Amino acid sequence: MTTRAALLVLADGRFPAGGHAHSGGAEPAVAAGRIRDAQDLADYCLGRLHTTGLTSAALAAAAAHGLDPLALDEAADARTPSPALRAVARKLGRQLMRAARATWPSAELAALAAARPRGAHQPVVLGLTARAAGLGPEDAAHCVAYETVSGPATAVVRLLSLDPFEATAVLARLTPALDRVAAQAAAAAREGIGALPAASAPLLDITAEAHAAWPVRLFAS
Amino acid sequence: MSVQATARITAAPDGCGSTALPVLESDGPLALRRTRSAAAGRARVTVVGAMSAPLGGDRLAVEVRAEAGARLTVDSAAATVALPGAAQDAGPASYDIRIEAGPGAEVRWLPEQLVCAHRSALTMTTRAELAPTARLVLREEQVLGRHGEPTGTLTTRLTVHRAGRPLLDQQLAYGPGASGGWDGPAVLGGHRAVGQLLVVDPAYEEEPVPPTSLGPTAVLTPLTGPGVLVTALAPDARLLRGLLDEALERLSPR
Amino acid sequence: MHLDHTHQGPAAVGADAARPDGTRRALRIGLGGPVGSGKTATVAALCRALRDRLSIAVVTNDIYTREDAAFLLRNAVLPPERIQAVETGACPHTAIRDDISANLEAVEDLEDAVGPLDLILVESGGDNLTATFSKGLVDAQVFVIDVAGGDDIPRKGGPGVTTADLLVVNKTDLAPYVGSDLDRMARDAAAQRGELPVVFTSLTSAEGVAPVADWVRAQLAAWTA
C-alpha cells in the first residue's frame, strides 16, 4: 500500500510541524562566519547530512520498520549530548505528532503520544508517521535526510539573502548523497537497534548550546 | 605482518583500603606498567608501549575491569600515533577499548592523544559498561595529522551504557576516507584537534550540572542521566588539552 | 465564531472546543496587524482592563525571539508564567496561519500550567496586511491598524482589514498631526467589512481600550453560553 504521493505530503516544507522556525544550526554558523555563500552552505549541508542526518534518518527508518519507539527514543537521547538539541528534537516531535495524528491517525502514534506527552524525538515520530501513512523505512529516512539539509538551506536564504535559486541548486546537487544516506540508514534499521549509526558533529553540539542562550535570534535553533 | 594484541587490567579492592591489580597482562606493543598513583586508595596503570602502533591492519585491544569498589587510573606515557601499514592492502587498523566498572568502582581513563598520521586508517571503538553506582572519567583526544601533514582516516565510536541502558553513543569520522563535509562548517570547521571528556557520576542525579559554553569551540553538556560530556575543538593538541583540563577542573569534586 | 465542532478520535485538533480531559478550553483571540500599529500596547491594555475578572494568558509571536513578550513582562501586565513566546523563524504569519503547531503547544501548555483560563490572547508579530490567523488556532481575530499608517489602509482592504472579527483603528489622538481623516476611514472600513464591527481607540488614556474590552467580553459571553 506504499504511496509515493504520501511521501510528498510528509516531506513538503508546508507540512505543519514547526520546522520553519528552525535553522538546523545554520544561524550560529552564519554568525560565526562559517557560512558566507552557496559553497559554504553546500559544505555545511553535506557535513550535517553525514552526521546528525544519517543518525536521525536511521532512527526514523527504524521506527518505520516497527522497532520499539520508546527504545529508539532512548537511543536518540544517547545520541544527542546537547540538552538544547534534545529539547528541540522533543519540541519538534510533539509538533509533528499533532500534525501526524490529524493527517494519518494510528494506534501506534496515539500510544507514543501517551507515553511521551512532552514529545518524543522528532525522527522517531516521523518514522511512526511514515508507517501510519503506508510508507517504508527508506521513505522515512529520505524524508529526514532531506529535512536535515532543506532546513538550513531555507534559513540561509533568509539569513544571508542568498539567491534562492542557488540555495535550491545546492539541494539538487546533494540528491545523490541524500539517496545514499537514506539507503544506508534503512539498511542499518533492518539490522536492529544495536546497528544504528551514531554519527555526530562537534560544531553542531557546541554551537547549539551557545545559540540557545542568545538573547536575540531569528530562529529557535 | 600485522599485529593482534589484547592487554588486560583487572582492579579490585585489596582489603586494606587500596586497590590491587590481580590481572595486569601486557601483550605485543601494549606494555602495561603499574605506576605510582597520586591518590591514596587508587591504582594507576600506564600504557608505555603503543607509540609506534597501530599500523594498518593491526588489531589492538585493551580490556579494563574495575570490580566493586576498586579505583583505577589508566594513562599512557606518550601519544599513540596511527601510521599506515607496510602492506598496501593492510586495511584499517583497529583499536578497541572495553571498560567495565562495577558497583562503587571508579575508572579514570586518561590516555595521551591519538595522532592520526598521513595515509593511516584507524577504527577506534570504546565501550564502557557501568554499574549504576560506578564512576567514570574518560578523555579522548584526536589530533588529525602530525605537524603540517594532512590527516589519515579516523573513525571513532564511544558507547557508554549505565545499568544496561544507553547513556552516550557517539561516532566521529574524519579524513580522506570519511563521508563528505567532515572538515566543513557543520563538523570541524578546519580544526585539527578534537576532544571529548566524559564524566559519569551518580552524584549528578542529585546535583545536575547545567549546560555551559566553554568558549566558541567547547561546550559542557549534561546527558540524559548522571553524565556530563565536554566536546572541544582546537587548532592543535596543546590548546585542546588546555580546554579539557579546564573542564576537568570544573567538574572535579571540591 | 466557529466552535461548534468537536473533533472525534484521538487527535487533538486546534479548533476543538474541549480539552483532552473533557473540560471546555479558554477562548482564544488573535491580534494581528502591521508593524507599529499598537498590537502589543492593545494586549497590555486589555490585560489591565480584564485581569481582575478573568483568568488571562498571552502568547506572543515575535519576529526576533521574544521582544514582545519581554515588553509585556517589563510592564508587568500579567505574571510571567502567563506569558509565552513562540519563535517564528522570522515569519510570524507562518506561525499563526500556515503552521500553527508551535502556537497550539503554547496555548495548551499555558492551560496546563496556569489554567483554568478564560481567555488566551495570541498576538502576532507585526506583519503585512494579508496576515490572518488560522481558524485552527483562534476563535476570533482582531486586526489592529493605526491612523498614522495612512488613512487609505481601510480602503485598500486585504484579508486582515476585510475579514477580521474586529477592526481596531488605533492612535486616533494622532489623526490631526498626520492628516488622517477618521470619517473617511470609518466609511471605507464599513464598505469593506459590511456588518463586521470597527472601533476607534487611543491608548493614551487608561479607558482608551474600553471598546475592544467590551467586544472581548461579548465574545466570552457567547463562548461560555
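Above this note sits the structure.
Residues numbered from 1 in each chain as written. Chains lettered and ligands numbered in written order. Predicted model: local features only at pLDDT ≥ 70, side-chain atom pairs only at ≥ 80, totals over all residues. Heavy atoms only, no water.

### Let's talk about the interface of chain C and chain A
Working step 1: Contact residues are listed per partner, giving 23 residues for chain C and 21 residues for chain A.
Working step 2: In total, about 1,900 Å² of surface goes out of reach between chain C and chain A, with carbon and sulfur atoms giving 48% of it.
Working step 3: Seen at the junction of chain C and chain A, the total is six salt bridges.
Working step 4: The biggest single contributor to the side of chain C that touches chain A is helix H4 (residues 101-114) of chain C, with six residues.
Working step 5: Split into classes, the residues belonging to the side of chain C that touches chain A amount to eleven nonpolar, five polar and seven charged. (Contact = heavy atoms within 4.5 Å. Buried area = accessible area lost by both parts, 1.4 Å probe. Salt bridge = Lys/Arg side-chain N within 4 Å of Asp/Glu carboxyl O. Helix = DSSP H or I, 4+ residues; strand = E, 2+ residues; numbered from the N terminus. Nonpolar A, V, L, I, M, F, W, Y, C, P; charged D, E, K, R; others polar.)

### Structural notes on the sheet that holds strand S14 (residues 165-174) of chain B
In a beta sheet, neighbouring strands are held together by backbone hydrogen bonds and run either parallel or antiparallel to one another.
Residues and elements named next belong to chain B.
Working step 1: The sheet built from seven strands is open, its strands ordered S2-S1-S5-S8-S11-S13-S14 with mixed pairing. Each edge of the open sheet is held by one strand with a lone partner, namely strand S2 (19-25) and S14. The average angle at which neighbouring strand axes cross in this sheet is 10°, direction not considered.
Working step 2: Pairing geometry for strand S11 (residues 121-130) and strand S13 (residues 153-162), over ten bridges, is parallel. Each residue of the ladder has a partner; that of Ala121, found in S13, is Thr153. (Pairing = 2+ DSSP bridges. Axes fitted to C-alpha atoms, helices over the stretch in contact; angles between N-to-C directions.)

### Section: the arrangement of the chains
Working step 1: Across the two pairs of chains that are in contact, the largest number of contacts falls between chains A and B.
Working step 2: If you take every C-alpha in chain B and every C-alpha in chain C, the smallest gap between them is 20 Å, and the two do not touch.

### Focus on the interface of chain B and chain A
The accessible area lost on association of the parts is a frequent measure of interface size.
Working step 1: Across the boundary between the two partners, chain B contributes 34 residues, which contact 31 residues of chain A.
Working step 2: Around 2,500 Å² of area is buried between chain B and chain A when both sides are counted, 62% of it from carbon and sulfur atoms.
Working step 3: Applying the counting rule to chain B against chain A returns two salt bridges.
Working step 4: The salt bridge partner of Asp169(B) is Arg79(A), with a shortest N-O separation of 3.4 Å.
Working step 5: Our enumeration of links across chain B and chain A arrives at 14 residue pairs in polar contact (both at pLDDT 80 or more).
Working step 6: Going through the elements one at a time, S14, strand S17 (218-222) and strand S18 (227-234) of chain B are the ones with two or more residues in the side of chain B that touches chain A.
Working step 7: At nine residues, S14(B) tops the list of elements feeding residues into the side of chain B that touches chain A.
Working step 8: A per-class count over the side of chain B that touches chain A returns 19 nonpolar, twelve polar and three charged. (Polar contact = N/O pair within 3.5 Å; in protein donor to acceptor, adjacent residues only side chain to side chain.)

### Things to note about the sheet that holds strand S4 (residues 119-124) of chain C
Residues and elements named next belong to chain C.
Working step 1: Reading across from one edge, S3-S2-S4-S1-S5-S6-S7 is the order of the seven strands in this open sheet, with parallel pairing throughout. Each edge of the sheet is formed by a strand with only one pairing partner; in this case those strands are strand S3 (83-87) and strand S7 (198-200). For this sheet, the mean inter-axis angle between neighbouring strands, taken without regard to orientation, is 20°.
Working step 2: Across four bridges, strand S1 (residues 27-32) lies against strand S5 (residues 140-146) in parallel orientation. Paired with Gly30 across the strands is Gln141, a residue of S5.

### A closer look at the environment of Ala58(A)
Residues and elements named next belong to chain A.
Working step 1: Relative to the elements of secondary structure, Ala58 occurs in helix H3 (residues 38-65).
Working step 2: For Ala58, a relative accessible area of 0% puts it in the buried group.
Working step 3: Setting aside residues up to four positions removed in sequence, Ala58 forms contacts with Ala185, Ala189, Leu196 and Pro197. (Buried < 20%, exposed > 50% of the residue type's maximum accessible area, 1.4 Å probe, protein only.)

### Let's talk about a nonpolar patch on the surface
Working step 1: Together, Leu174(C), Tyr177(C) and Val178(C) line one region of the surface with nonpolar side chains, adding up to about 310 Å² of accessible area.
Working step 2: Tracing the sequence through the fold places Tyr177(C) in helix H7 (residues 175-178). (Patch = residues over 30% accessible without salt bridge, like charges linked within 9 Å, V, L, I, M, F, W, Y side chains within 5 Å. Areas by Shrake-Rupley, 256 points an atom, 1.4 Å probe, with all protein chains shown as cover.)

### Concerning the side chain of Ser56(A)
All names here are of chain A.
Working step 1: Tracing the backbone through its elements, the reader meets Ser56 in helix H3.
Working step 2: We classify Ser56 as buried; its relative accessible area is 16%.
Working step 3: Engagement of the side chain of Ser56 in a polar contact is seen with the backbone oxygen of Thr52, the distance being 2.8 Å.
Working step 4: Apart from the residues lying within four places of it in its own chain, the contact partners of Ser56 are Pro123 and Val144.

### Examining the packing of aromatic side chains
Working step 1: Counted under the stated rule, the structure contains two aromatic pairs over all chains.
Working step 2: Cation over ring: Arg24(C) sits above Trp223(C), and NZ or CZ is 4.2 Å from the ring centre. (Phe/Tyr/Trp six-rings, centres within 6.5 Å; stacked < 30°, edge-to-face > 60°. Lys NZ or Arg CZ within 6 Å of the ring centre and 35° of its normal.)

No statement about biological role is implied by the geometric values presented.
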